[in-house]
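Structure assessment
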Amino acid sequence: RRWLVLLLFSLLAFAQGLVWNSWGPIQNSARQAYGFSSWDIALLVLWGPIGFLPCFAFMWLLDKRGLRVTVLLTSFLMVLGTGLRCIPVSDLMIKRRLIHAGQLLNGLAGPTVMNAPPFLSTTWFSADERATATAIASMLSYLGGACAFLVGPLVVPAPNGTAPLLAAESSRAHIKDRIETVLYTEFGVVCLIFSATLAYFPPRPPLPPSVAAASQRLSYRRSFCRLLSNLRFLMIALAYAIPLGVFAGWSGVLDLILTPVHVSQVDAGWIGFWSIVGGCVVGIAMARFADFIRGMLKLILLLLFSGATLSSTWFTLTCLNSVTHLPLTTVTLYASCILLGVFLNSSVPIFFELFVETVYPVPEGITCGVVTFLSNMFMGVLLFFLTFYHTELSWFNWCLPGSCLLSLLLILCFRESYDRLYLDVVVSV
């Protein structure tokens, strides 16, 4: 039963990530089909972090009403959002507004998708499976964003800027039809997930799987006081929020970033796809390793962020090949981006487990809600600046190695503790 609950939640997270990243990989095609500007493309990605503004309301709902009510509300918002994007209207201005509204509603599903995995794993899984369950539930959202890099460029053709006027108009209509095919398909998938969740998604198992799952947690107000007064938590929260926020914004406009170095829309899609898929696979493997060998979370994060700092520096210097004279090839771009995605994305479930261990008995949803809110705040600020400085993107690339290096220093100074693990292992025995 616990694996079925995890599967339903993971599918919901996958769909939310897929819908959020629908437009970045096909931004050139979307410009021609719907008349989107650079501001529109950045705003379509920006609706994700904007949807985190009512994050604390979803955290309260998760803490007070439980997992089932929160997940049903989240999936219903996604049904409304994907449905709005499919409304057939001929006026392009109205169509663009409907698409923006749909992306906003999908963004409102983000807080549950990103914050609930540790809560779900504690509620349904024993101590020797928790990190694995957290990794699967949290990584599937990233995998959905990765599949958008694959689905979009493969289904939607890139525009042909050199075609005659009549052929260009025919190409625009064809591109629009293919984009609408993607939108209708995503709407159908979300409706199926909502129906399955409505049919079966129990709030908790009949018996708690661990001592931590059955223990009393702090109240909503006391939890915030505990979090904001805990310097160790604030340190590790910044170590997560800054680089992951920068990387999420960077991934959302990867096609825009790689266009100046003459990388096609399809190649940019494959680079984004494999960078996130690699991170998902390694993240689940790392979490399984953490379940077997406990008390090693800080060491794992140090290794991951050392690799992230090196790979992000490699990518940034490669894009400046006119100055650094490093070879700018498809192989180097693939290798640096994939390694960066592997190191950063695989750190997410490890961070989540470390957050919960550090501030236990603060509820898992509140703890992860605060850090994901900070991460989306950093991503939103970067995308906001991107809308004004989209003609020069080299500064965005330099944000990656700088944020990874800062995070590495914060993790190095962090003193880890495992309060929840102590309760499950020592007290239960």
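Up top is the structure these notes are about.
Because the structure is predicted, anything quoted here is derived from the model rather than measured.

1. Focus on the side chain of R420
- In this structure, R420 sits in helix 21 (residues 419-427).
- Polar contacts involving the side chain of R420 include one to the side chain of T122, which spans 2.9 Å.
- At 2.7 Å, the side chain of R420 and the side chain of E353 are in polar contact.

2. Some details on the nonpolar core
- Counting 76 residues, the largest nonpolar core has Y142, Y240, W250 and F351 as the members making the most contacts within it.
- In terms of residue count, helix 12 (residues 231-252) provides more of this core than any other element does, 10 residues in total.
- With near-sequence residues (within four places) excluded, Y142 lies in contact with M114, Y240, L244, I276, C280, N345 and V348.
- A15, L62, A109 and W124 belong to the second largest nonpolar core, which has 23 residues in total.

3. Comments concerning the pattern of salt bridges
- Counted by the stated rule, this structure contains 6 salt bridges.
- Here R420 and E353 are joined by a salt bridge, their closest N and O atoms 2.7 Å apart. In this pair, R420 is assigned in helix 21 and E353 in helix 18 (residues 347-359), connecting sequence segments 67 residues apart.
- For R420, a relative accessible area of 0% gives the class buried.
- A relative accessible area of 6% places E353 in the buried class.
- Its salt-bridge partner being E357, residue R420 comes within 3.5 Å of it at the nearest N-O pair. Of this pair, R420 sits in helix 21 while E357 sits in helix 18, and the two are 63 residues apart along the sequence. The same class applies to R420 as to E357, namely buried.

Quick notes on the rules
- Residues numbered from 1 in each chain as written.
- Predicted model: local features only at pLDDT ≥ 70, side-chain atom pairs only at ≥ 80, totals over all residues.
- Heavy atoms only, no water.
- Helix = DSSP H or I, 4+ residues; strand = E, 2+ residues; numbered from the N terminus.
- Polar contact = N/O pair within 3.5 Å; in protein donor to acceptor, adjacent residues only side chain to side chain.
- Core = buried A, V, L, I, M, F, W, Y, C linked by side-chain atoms within 4.5 Å.
- Buried < 20%, exposed > 50% of the residue type's maximum accessible area, 1.4 Å probe, protein only.
- Contact = heavy atoms within 4.5 Å.
- Salt bridge = Lys/Arg side-chain N within 4 Å of Asp/Glu carboxyl O.

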